[in-house]
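As a plain string of letters, each chain reads:
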Amino acid sequence: MTSEGARLFLDGKAYRAIGVNMPHLSQGYAGTWFHWQQVYGTQKKMRRAIEDAVRDARVHQVPFIRFSAAPGYPKNTAELYGRDPDLYWRRMEELFRLCRECGVRLVPSLGVLNEWNLVHGEPRTAILDPSSRTYQATYRYVREFVLLVKDDPALLMWELGNEYFLTADVNMNGQTAPPPGVYPEGATTFRKRYTLEDNLTFDMLVGFYKEMTACLKSLDPGHLVTSGDAGPRDESVSRRQGLPEYRVDTLDEHLANLLESQPAPVDVVSIHACGSFTGCHQVGGLSHMEFLRARIRAIHTAGRPIFVGELGQMDPHHQADPETKWTRAAIDVIEEEGVALAAIWVWHFPWQCESFDIPNGAACPLLMRRIAEFNAKYAGRARLK
């Protein structure tokens, strides 16, 4: 896939598509998802559920799945990747083959921040230090992953991670760290609380995005990179200036920070959107729909393509509104405004069974029909054979 201004091209043809999110796709397939016992009971049932979800995507003409592609919590990392990395990568290859056979492409969210520092008991800023174990483990994992699948037709593009700019300029000092239960038995590297060294500033993240994206492109110049961000925090200006009391950014401030947070060589600007017809956004007091539209127009004015990486509905959620009225209306806006990519939150994800989860395509027929129409119109000629 390539980009030209705000447009994306696949196999030389203009490409737009709406996919889905399945956060535990690879961890569930590998048998290491943290909640497998309480949700699925057995790893065999979990693997079968993952396979069914991919096949259901094919049935409903879903062209791609965005998923969390890191090994998981330290406990889960130790269970497979740390114990038998060859088996870990064989299972990843199997998953890619399954998706390829089903005609479903993948957007792996690599988890390049807030993953490996937990494994090694280092602060979050260790990712900026080439001599740290966090830095070395992160870049080793990225290198192994990219070299494994960079030539696989099922790979759509790379994503750095999930919503990292929501952590920019957040004072972590004294905040509770993840509990012992996410670590392997006998682990001694975990900390009970974060320190000042866990604070990441806006500028630190911008620099890290540039460096990591450049690394990805050096390994795989043939695929685009997106950030995975939701967007900056609503009070980003106050936080960047270190003010003792935060105020909500103006719309102009928010849009400027949004564009600054997605530096080249990042190719595709990522935003996330979750909304309803009744609420409004803090920034500008706009409705959720008009806030989405304002961000889209600002990004397109800057000549950048967009990935609405998470498109969700609340008040009511999908479970209470099988007609998914707000989500379908948001797709209308996405179509009108020329957005290249979007992914529905969330697909076959029982962890959110009472809210965002679409347990199968048949549960939301109007939404799936709308997605199929969009994809037939804009992505049909670039279907994965």
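First things first, this report covers the structure right here in the doc.

Conventions we followed
Position numbers for residues count from 1 along each chain, tracking the sequence in the order it is written. A pLDDT threshold of at least 70 governs which residues receive local features in this predicted model, and a stricter bar of 80 or more applies before side-chain atom pairs are shown or counted, although totals over entire chains, interfaces and linings include all residues. Excluded from the side-chain calculation are hydrogens and water; included are all heavy atoms of the structure. Only runs of H or I of at least four residues qualify as helices and only runs of E of at least two qualify as strands under DSSP, and these elements are numbered from the N terminus. Multiplying one less than the number of residues by 1.5 Å gives the expected span of a helix. Residue exposure (1.4 Å probe, protein chains only): buried if accessible area is under 20% of the type maximum, exposed if over 50%, otherwise partly exposed. To obtain the arc, one takes the directions from the helix axis to the C-beta atoms. For this analysis, residues touch if any pair of their heavy atoms sits within 4.5 Å. Each salt bridge in this description consists of a side-chain nitrogen of Lys or Arg and a carboxyl oxygen of Asp or Glu lying within 4 Å of one another. Should DSSP find at least two bridges between two strands, the strands are taken to pair. The axes used here are C-alpha line fits, helices contributing only the stretch in contact, and every angle between their N-to-C directions lies in the interval 0 to 180 degrees. Note on terminology: angles under 35 degrees are roughly parallel, angles over 145 are roughly antiparallel, angles of 65 to 115 are roughly perpendicular, and the others are oblique. A clockwise turn of the near helix away from the far one marks a right-handed crossing, whereas an anticlockwise turn of less than a right angle marks a left-handed crossing. Put simply, Ala, Val, Leu, Ile, Met, Phe, Trp, Tyr, Cys and Pro go in the nonpolar bin, Asp, Glu, Lys and Arg in the charged bin, and everything else, Gly too, in the polar bin.

## Things to note about helix H3 (residues 43–59)
Taking 1.5 Å per residue, 17 residues should reach 24 Å; H3 reaches 24 Å between its end C-alpha atoms and fits that length. Taken as a whole, H3 has its buried residues at Met46, Ile50, Ala53, Val54, Asp56 and Ala57. Each buried residue of H3 lies within a common arc of 160 degrees when the element is viewed along its axis, so the set occupies one face. Seen from the open side of H3, the exposed residues pointing more than 90 degrees away from its buried face are Lys44 and Val59. On its buried face, H3 sits against helix H1 (25–30), helix H2 (36–39), strand E5 (64–68) and helix H5 (85–101).

## Structural notes on helix H11 (residues 288–301)
With 14 residues, H11 should reach 20 Å at 1.5 Å per residue; the first-to-last C-alpha distance of 20 Å fits that figure. Every buried residue belonging to H11 is among His288, Met289, Phe291, Leu292, Arg293, Ala294, Arg295, Ile296, Ala298, Ile299 and His300, and all of these are buried. Just downstream of H11 lies glycine 303, where phi reads positive at about 75 degrees.

## Comments concerning the pattern of salt bridges
Summed over the entire model, instances satisfying the criterion amount to 23 salt bridges. Taken together, the shared-partner salt bridges connect Glu290, Arg293, Arg297, Glu336 and Glu337 into one network.

## Let's talk about the sheet that holds strand E3 (residues 13–14)
The strand order E1-E2-E3 describes an open sheet built from three strands, whose pairing is antiparallel. Only two strands of the sheet have a single neighbouring strand rather than two, namely strand E1 (2–4) and E3. In this sheet, E3 lies alongside strand E2 (residues 7–10) in antiparallel orientation, the contact comprising two bridges. Residue pairing in the sheet places leucine 10 in a bridge with lysine 13 of E3.

## Focus: the packing of helix H10 (residues 251–260) against H11
Viewed as axis vectors pointing N to C, H10 and H11 meet at an angle of 50 degrees, and their least axial separation amounts to 10 Å. Here H11 runs oblique to H10, going by the angle between their axes. Between H10 and H11 the crossing geometry is right-handed. Facing H10, whose interface residues are Leu251, His254, Leu255, Leu258 and Leu259, H11 presents Phe291, Ala294, Arg295, Ala298 and Ile299. Here the contact of H10 with H11 is composed, by residue class, of eight nonpolar, one polar and one charged.

## A word on the environment of leucine 341
Examined against the element boundaries, leucine 341 turns out to sit in strand E11 (residues 341–344). Judged by relative accessible area, leucine 341 falls into the buried class, the value being 1%. In this structure, the C-alpha to C-alpha distance between leucine 341 and tryptophan 158, residues 183 residues apart in sequence, is 13 Å. Among residues more than four places away in sequence, those in contact with leucine 341 are Met1, Leu8, Tyr15, Ala17, Phe64, Met157, Ile306, Phe307 and Val308.

Functional significance is not addressed by these values, which are geometric in nature.
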